[in-house]
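Residues per chain, in single letters:
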Amino acid sequence: MQTTDLTPKPQHAGILLAVCLLLVGCGPTRAPTPSTGHLLPKPTPAQPGAAIPPPVTRPALLPEPRAEAPLESYTVVVSDVPLRELLFTLARDAGLNLDIDNNITGNITLNAVDQTLPRILDRITHLSAVRYEIDDDVLRVMQDTPFLRSYIVDYVNLSRQSSNAIQISTKVASKVAGGEGGEGEGNTSNTQLKGEVSNRFWQSLFVNLTAIIGDKNPSGGSGSESGASASARPTSSSTLKPA
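Along every chain, residues carry numbers that run from 1 in the direction the sequence is written. Thresholds applied to this predicted model are a pLDDT of at least 70 for local features of residues and 80 or more for the giving and counting of side-chain atom pairs; totals over whole chains, interfaces and linings are not thresholded and use all residues. The basis for every side-chain value is the complete set of non-hydrogen atoms in the structure, without hydrogens or water.

J.: Now, about the side chain of Ser 198: what can you tell me, with residues and values included?
T.: Relative to the helices and strands, Ser 198 is located in strand β7 (residues 187-199). Partly exposed describes any residue whose relative accessible area lies between the buried limit of under 20% and the exposed limit of over 50%, with all areas from a 1.4 Å probe on protein chains only and scaled to the type maximum. Ser 198 gets classed as buried once you look at its relative accessible area, which sits at 13%. We count a stretch as a helix when DSSP gives it H or I for four or more residues in a row; a strand needs E for two or more, and each element gets its number in order from the N terminus.

Written as structure tokens, this is what we have:
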């Protein structure tokens, strides 16, 4: 008598479980209903005829320019008065403190009508050997003598020099008629062109400043920043012998 074992085997049970999971996964699912106000409130529909809000404008980066108040003008009419007294009077009327050099002497004659203080001081510097500076509310007047001041020169610290040469040679020969071969004498021309360029910025600057301050013995060398020289030496010779 033949018997059949109907007990499910472990591998059969695993296959059956996988098939059930696939069927459940392919079935329709229903997403959970979110609560009101969970992430964002519901948008309110736009009402017909509502006013459009004005656009957002950024403020200007720079303020609007404003007209500056004109400088106060003065009228000065003097004849052969001491320069120191005139400077004290101008500083007092302009409301400035005055620092004046002890070496400033001499008289001055000036006729200035309705002019600003800087303009009047400029005219005084043309008539007398003085110079002035206005620092906030202080007017400084001193003798117009050489003084020390530092300037920044933004230039690389190097010098450059280059040279080139071009040489051209031409020769035109003529054959003597009735000769037994060979070439006769002809025209020969040689041209040679040489050029040199030098760029010495700092040396040129030193010499120019020395000339400005009036030094009679500069030690900076040649003052030409760039120079070029060219020479051409053509030579030609020709000899013609008749046949």
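J.: Now, about a nonpolar patch on the surface: what can you tell me, with residues and values included?
T.: Nonpolar side chains (Val, Leu, Ile, Met, Phe, Trp, Tyr) within 5 Å and like charges within 9 Å form the patches, drawn only from residues with over 30% relative accessible area and no salt bridge. In these tables, accessible area is a Shrake-Rupley quantity obtained with a 1.4 Å probe, and a residue counts as shielded only by the protein chains included in the view. The term salt bridge refers to a side-chain nitrogen of Lys or Arg lying within 4 Å of a carboxyl oxygen of Asp or Glu. On the surface, Val 153, Tyr 155, Val 156 and Leu 158 cluster together into a nonpolar patch covering about 340 Å² of accessible area. Here Val 153 lies in the loop between β5 (138-143) and β6 (160-172).

J.: How would you explain unusual backbone geometry if you had to name every residue and give the values?
T.: The backbone phi angle of Asp 80 is positive, close to 55°, even though this residue is not glycine. With respect to the helices, strands and loops of the structure, Asp 80 is situated in strand β1 (residues 73-82). Even without being glycine, Asp 114 reaches a positive phi, approximately 50°. Residue position: Asp 114 is located in strand β3 (residues 107-116). On the basis of relative accessible area, Asp 114 is assigned to the exposed category, the value being 56%.

J.: Account for the pattern of salt bridges, with residues named and values stated.
T.: Note that side chains of opposite charge can pair when their charged atoms are close. Under the criterion given, the structure shown has four salt bridges. Between Asp 99 and Arg 140 there is a salt bridge whose closest N-O contact spans 3.9 Å. Taken together, the residues span a long stretch of sequence, with Asp 99 in strand β2 (residues 97-100) and Arg 140 in strand β5 at a distance of 41 residues. When the shortest N-O distance is used, the salt bridge between Arg 140 and Asp 135 registers 3.5 Å. By relative accessible area, Asp 135 is classed as partly exposed at 39%. Taken together, the shared-partner salt bridges in this structure form one network comprising Asp 99, Asp 135 and Arg 140.

J.: Can you lay out helix α2 (residues 83-94) for me, pointing to particular residues and giving the numbers?
T.: For the α-helix, the turn length of 3.6 residues means that residues three or four positions removed from each other point alike. For a helix, the expected span equals 1.5 Å multiplied by the number of residues minus one. For α2, spanning 12 residues, the distance from its first C-alpha to its last is 17 Å, which sits close to the expected 16 Å at 1.5 Å a residue. Considered for burial, the residues of α2 that qualify are Leu 83, Leu 86, Leu 87, Leu 90 and Ala 91. Projection of α2 onto a plane perpendicular to its axis shows the buried side chains occupying an angular sector of 130°, all on one side. Structural note: α2 exposes Glu 85 and Arg 92 on the side pointing more than 90 degrees away from its buried face. Directions pointing from the helix axis toward each C-beta atom define the arc.

J.: Explain the sheet that holds strand β4 (residues 130-135) to me, and be specific about the residues and the numbers.
T.: What the three strands build is an open sheet, ordered β2-β5-β4; its pairing is mixed. The sheet is open, and its two edges are formed by β2 and β4, each paired on a single side. Looking at each pair of strands side by side, their axes are set apart by 15° on average, direction ignored. Paired strands, in this sense, are two strands between which DSSP finds at least two bridges. Two strands pair when backbone bridges link them, and β4 and β5 are joined in this way by six bridges, in the antiparallel orientation. Note that in β5 the partner of Arg 131 across the bridge is Met 142. Simply put, an axis is a line fit to the C-alpha atoms, just over the touching stretch for a helix, and the angle between two N-to-C directions goes from 0 to 180 degrees.

J.: For the packing of aromatic side chains, give the residues involved together with the corresponding values.
T.: For Phe, Tyr and Trp, where Trp contributes only its six-membered ring, two rings pair if their centres lie within 6.5 Å, and the inter-plane angle classes them as stacked under 30 degrees, edge-to-face over 60, or tilted in between. Across all of its chains, the model carries three aromatic pairs by this definition. Through successive ring pairs, a cluster of aromatic residues spans Tyr 155, Phe 201 and Trp 202.

J.: Lay out the packing of α2 against helix α3 (residues 117-127) in plain terms, naming residues and giving numbers.
T.: Orientation of α2 relative to α3, taken along the N-to-C sense of each, is 170°, at an axis distance of 12 Å. One element, α2, and the other, α3, form an angle in the roughly antiparallel class. Residue-level inspection shows Leu 83, Leu 86, Leu 87, Leu 90 and Ala 94 of α2 in contact with α3, the latter providing Leu 117, Ile 120, Leu 121 and Ile 124. Just so you know how the angles are binned, under 35 degrees is roughly parallel, over 145 roughly antiparallel, 65 to 115 roughly perpendicular, and the rest oblique. Whether two residues are in contact is decided by their heavy atoms: any pair within 4.5 Å suffices.

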